Amino acid sequence: MKRQKRDKLSRAHAKGYQAGISGRSKENCPHADATSDARSQWLGGWREAMEDRSYGLSSR
């Protein structure tokens, strides 16, 4: 059970990063529940991507 939960959260983080690096808005988060761990991970990935973009990294 823990492995499935960890994989789900790491996948959410990776998807958030991909969304951020491609310039999508954080309002596009697919996890609607504001208290969910998956939403937190997705937003964490998105924030990390925004920081990387500010340093010149991009998906192009």
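Residues numbered from 1 in each chain as written. Predicted model: local features only at pLDDT ≥ 70, side-chain atom pairs only at ≥ 80, totals over all residues. Heavy atoms only, no water.

S.K.: I would appreciate a short explanation of the overall build of the protein in the present structure.
M.R.: Of regular secondary structure, the protein possesses two helices and zero strands. Taking as baseline every contact in the protein between residues at least 6 positions apart, the subset at least 24 positions apart corresponds to 67%. For the protein, the exposed surface amounts to about 4,600 Å²; the carbon and sulfur share of it is 47%. (Helix = DSSP H or I, 4+ residues; strand = E, 2+ residues; numbered from the N terminus. Contact = heavy atoms within 4.5 Å. Areas by Shrake-Rupley, 256 points an atom, 1.4 Å probe, with all protein chains shown as cover.)

S.K.: Looking at this structure, how should I read helix α2 (residues 37-54)?
M.R.: Because an α-helix packs 3.6 residues into every turn, residues spaced three or four apart end up facing the same way. Between its first and last C-alpha atoms α2 spans 26 Å; for 18 residues at 1.5 Å apiece the expected length is 26 Å, and the two agree. The set of residues buried in α2 consists of Ala38, Trp42, Leu43, Gly45, Trp46, Ala49 and Asp52. Trailing α2 by a residue or two, Gly56 shows a phi angle of about 105°, which is positive. (Expected span 1.5 Å × (residues − 1). Buried < 20%, exposed > 50% of the residue type's maximum accessible area, 1.4 Å probe, protein only.)

S.K.: I keep staring at the side chain of Ser36 and nothing clicks. Help me out?
M.R.: Relative to the helices and strands, Ser36 resides in the loop between α1 (2-21) and α2. By relative accessible area, Ser36 is classed as buried at 16%. Among the polar contacts listed, one links the side chain of Ser36 to the backbone nitrogen of Arg39, at a separation of 3.0 Å. (Polar contact = N/O pair within 3.5 Å; in protein donor to acceptor, adjacent residues only side chain to side chain.)

S.K.: I would appreciate a short explanation of the nonpolar core in the present structure.
M.R.: Considering soluble globular proteins, one finds that nonpolar side chains tend to be buried as a cluster. By size, the foremost hydrophobic cluster in this structure holds five residues: Ala19, Cys29, Trp42, Leu43 and Trp46. With three residues, α2 is the single largest residue contributor to this core. (Core = buried A, V, L, I, M, F, W, Y, C linked by side-chain atoms within 4.5 Å.)

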